[in-house]
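Analysis of the macromolecular model
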Amino acid sequence: MKYASCRGSVRDQTFEDVLFSGYASDGGMFVPESIPQLSREAIESWSKLPYKEIVKNIISLFVSEEELPKDHLNGLVEKALSRFEHPQIVSVAALKDGLNILELFHGVTAAFKDLGISVLAQLLEHYLNKRQQHVTIVVVTSGDTGSAALEAMRGLKWVDIICCLPRGRTSRIQELQMTTVIEDNVHVYRVDGTSDDIDKHVRPLFTDKEFAQTHRLMSVNSVNWVRIMVQIAHYFHAYYQMCGDCNDEVNIIVPTGGCGNITGESRTAF
């Protein structure tokens, strides 16, 4: 599988290239050059699988075994999802009148971003260990991204993470989640202004290519393909919980801000 910028000027990128990239040089987001097609038999065979097995299968569609051997992939996903408190990791709660809620809040910080970023963290550690390289992740957050990223990256050998949150503009719970992660590789700062104000000062660090490369800066926001790739599994799992025989349509309503979650859904059509 190769990846290209959605704006078309950058092509033929490997998964490892994309993992360590933010925006492409033409300003676009990296996406697969083609979307895998599943047979009816494959779709039906997945219907009895637990969530984490679906995650493994989804990743294997977008990452070749030459790039990431299956046994390594399985171990990374198992480790990434080991801290979720619910045995199913992602569960469905049935309400009245046929309404169901997909519960994505069973991770350490109770944010759905725990799912994608936890897997991203383990993939980063795997490839960084192979490269024997260190990266510095810079996160500007209004709340849940920072919490999820800090928990996922805490203690990793090859990663330092710097998190900037707006003073007095996140919930008390989220601020405590970020400011009480005590690890040598975690650095958290409260900054005056909104998250947009902070971002105006952080963005030039990434647009200065020489600076970014020298300090090996990277981002784990929703432009990173790995987060979107993992989120595809949410929709397979939700569908199977509602329609185990795969013979009906399911309507899914997605609350979304920056459209990262709904982008995962847009890659899920069957």
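The preceding data block contains the structure.
Here we summarise the structure given alongside this text.

The rules behind these values
Residues numbered from 1 in each chain as written. Predicted model: local features only at pLDDT ≥ 70, side-chain atom pairs only at ≥ 80, totals over all residues. Heavy atoms only, no water. Pairing = 2+ DSSP bridges. Helix = DSSP H or I, 4+ residues; strand = E, 2+ residues; numbered from the N terminus. Contact = heavy atoms within 4.5 Å. Axes fitted to C-alpha atoms, helices over the stretch in contact; angles between N-to-C directions. Polar contact = N/O pair within 3.5 Å; in protein donor to acceptor, adjacent residues only side chain to side chain. Phe/Tyr/Trp six-rings, centres within 6.5 Å; stacked < 30°, edge-to-face > 60°. Lys NZ or Arg CZ within 6 Å of the ring centre and 35° of its normal. Parallel < 35°, antiparallel > 145°, perpendicular 65-115°, else oblique. Left-handed = near helix turned anticlockwise from the far one by under 90°. Nonpolar A, V, L, I, M, F, W, Y, C, P; charged D, E, K, R; others polar.

**Quick word on the sheet that holds strand β6 (residues 159-166)**
- Read from one edge of the open sheet, four strands run β7-β6-β5-β8, paired in parallel fashion. Since the sheet does not close on itself, it has two edges, and those belong to β7 (186-191) and β8 (217-218), each with one partner.
- Where strand β5 (residues 135-140) meets β6, six bridges bridge the pair, whose relative direction is parallel. Within β6, the residue paired with Val-139 across the bridge is Cys-163.
- Seen against the sheet, helix α8 (residues 195-207) touches β5, β6, β7 and β8 and runs at an angle of roughly 155° to β5.

**Thoughts on the environment of Ser-39**
- One can find Ser-39 in the loop between β2 (30-32) and α2 (40-46).
- For Ser-39, the side chain forms a polar contact with the main-chain nitrogen of Ala-42, separated by 3.0 Å.

**So, the packing of aromatic side chains**
- Within the structure shown, the criterion is met by seven aromatic pairs.
- Taken together, the aromatic side chains of Tyr-3, Phe-15, Phe-62, Tyr-127 and Trp-225 make up a single cluster linked through ring pairs.
- Above the face of the Phe-20 ring, Arg-131 is positioned so that its terminal group lies 4.1 Å from the ring centre.

**Things to note about the packing of helix α4 (residues 70-80) against helix α5 (residues 113-131)**
- Axis separation between α4 and α5 bottoms out at 8 Å; the angle between their running directions is 135°. What the angle tells us is that α4 and α5 run oblique. Where α4 crosses over α5, the handedness of that crossing is right-handed. On α5, the residues that touch His-72, Leu-76, Lys-79 and Ala-80 of α4 are Ser-118, Val-119, Gln-122, Leu-123 and His-126.
- Partitioned by chemical class, the residues of the contact of α4 with α5 number four nonpolar, four polar and one charged.

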